[in-house]
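# Descriptive structure summary
Take a look at the letters that make up each chain.
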Amino acid sequence: MELCEQMTTADEIVSQVEQMVDSPAPRDEVLRYAVQVLKRERERYNWVGIYLIKHDTLVLHNYLGKPTEHTHIPVGKGVCGVAVAEGANQIVGDVTTLDNYLACSVETRSEIVVLIRRGMNILGQIDIDSDLENAFTREDEALLSRVADQIARRF
Ligand code: SME
């Protein structure tokens, strides 16, 4: 018997989301499911949410973690808004060093934002906070990009 449980692989996570995307479930449910799977399968992910772009604002669609006041973020503001303005994913190892950081929780130490795109269009983003410093690597970015690509098929 294994002493510690094996972590669910990126392939397994992507495949779970892919199945939901291919199911008849409505888009809102698919977006909630993606957040649930990521929160459940990665202990370091203390806050997981999806924002969607409406006009020039990121609007929080759903999340798991502590409640946040940042349900509407203008493009260009905070780590989330900068990701959209620059058209680039963001990995912040230590959020306490940032001037433009919008704090959701005092415990948060690091953050990753991965854009949800379809072609040239940015549809939204997956935003994840961790209470651990430097919690996110290029591997997390690769996993979240694959999840984002699945989600994008529903737009
Ligand atoms: N920290 C983000 C705001 C969203 S919360 O992390 C949930 C930012 O600086 O844009």
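Rules and cut-offs
- All chains use their own residue numbering, which begins from 1 and follows the written sequence.
- Since the coordinates come from a predicted model, pLDDT governs what is reported: local features require at least 70, and pairs of side-chain atoms require 80 or more to be given and counted, while whole-chain, interface and lining totals use all residues.
- To obtain the side-chain values, all non-hydrogen atoms of the structure were used and water was disregarded.
- Under the scheme applied here, a residue whose accessible area is under 20% of the maximum for its type counts as buried, over 50% as exposed, and between as partly exposed, the area being computed with a 1.4 Å probe on protein chains only.
- Secondary structure is summarised from DSSP: a helix means a run of H or I of at least four residues, a strand means a run of E of at least two, and numbering begins at the N terminus for each.
- Two strands qualify as a pair provided that DSSP identifies no fewer than 2 bridges between them.
- Expected helix span is computed as 1.5 Å times (number of residues minus one).
- It is the directions from the helix axis to the C-beta atoms that the arc portrays.
- Using a 1 Å grid laid over the protein atoms alone, points where a 1.4 Å probe fits but cannot get out form a cavity; open sets with protein on both sides within 12 Å along at least 5 of 7 lines form a pocket; any residue with an atom within 4 Å of a point counts as lining.
- Grid points are joined across faces, edges and corners, and a volume is the space filled by probe spheres set on the points.
- All residues other than Ala, Val, Leu, Ile, Met, Phe, Trp, Tyr, Cys, Pro, Asp, Glu, Lys and Arg, Gly among them, are scored as polar; the first ten of these are nonpolar and the last four charged.

On to the pairing of strand S5 (residues 110-118), then. Counting buried positions over the 9 residues of S5 gives 7, a clear majority of the element. Taken together, the 3 bridges between strand S4 (residues 90-92) and S5 define a ladder with antiparallel strand orientation. In the strand pairing of S5, valine 92 is matched with glutamate 111. The pairing of S5 with strand S6 (residues 121-130) spans 9 bridges and is antiparallel. Following the sheet pairing, leucine 115 is matched in S6 by glutamine 125.

Moving on, we come to helix H2 (residues 27-41). The end-to-end C-alpha distance of H2, which contains 15 residues, comes to 21 Å, matching closely the 21 Å that a straight helix rising 1.5 Å per residue would cover. Residues of H2 that are buried: Val30, Leu31, Ala34, Val35, Val37, Leu38 and Glu41. Looking straight down H2, one finds that the buried residues subtend no more than 160° of arc, so they occupy a single side.

As a further point, take helix H3 (residues 78-86). In terms of burial, H3 is a largely internal element, 7 of the 9 residues being buried. Here H3 has its buried residues at Gly78, Val79, Cys80, Gly81, Val82, Ala83 and Val84.

Further remarks concern empty space enclosed by the protein. Tallied over the entire structure, the rule returns 1 cavity of 30 Å³ or more. There is about 80 Å³ of room inside the largest cavity. In terms of lining residues, the largest cavity is bounded by 13 residues, among which Ile73, Cys80, Leu102, Glu111 and Asp127 are the most central. Within the residue set of the lining of the largest cavity, elements represented by two or more residues are H3 and S6. Looking at the lining of the largest cavity, the element that brings in the most residues is H3, giving 3 residues. Within the lining of the largest cavity, the residues separate by chemical class into 7 nonpolar, 2 polar and 4 charged.

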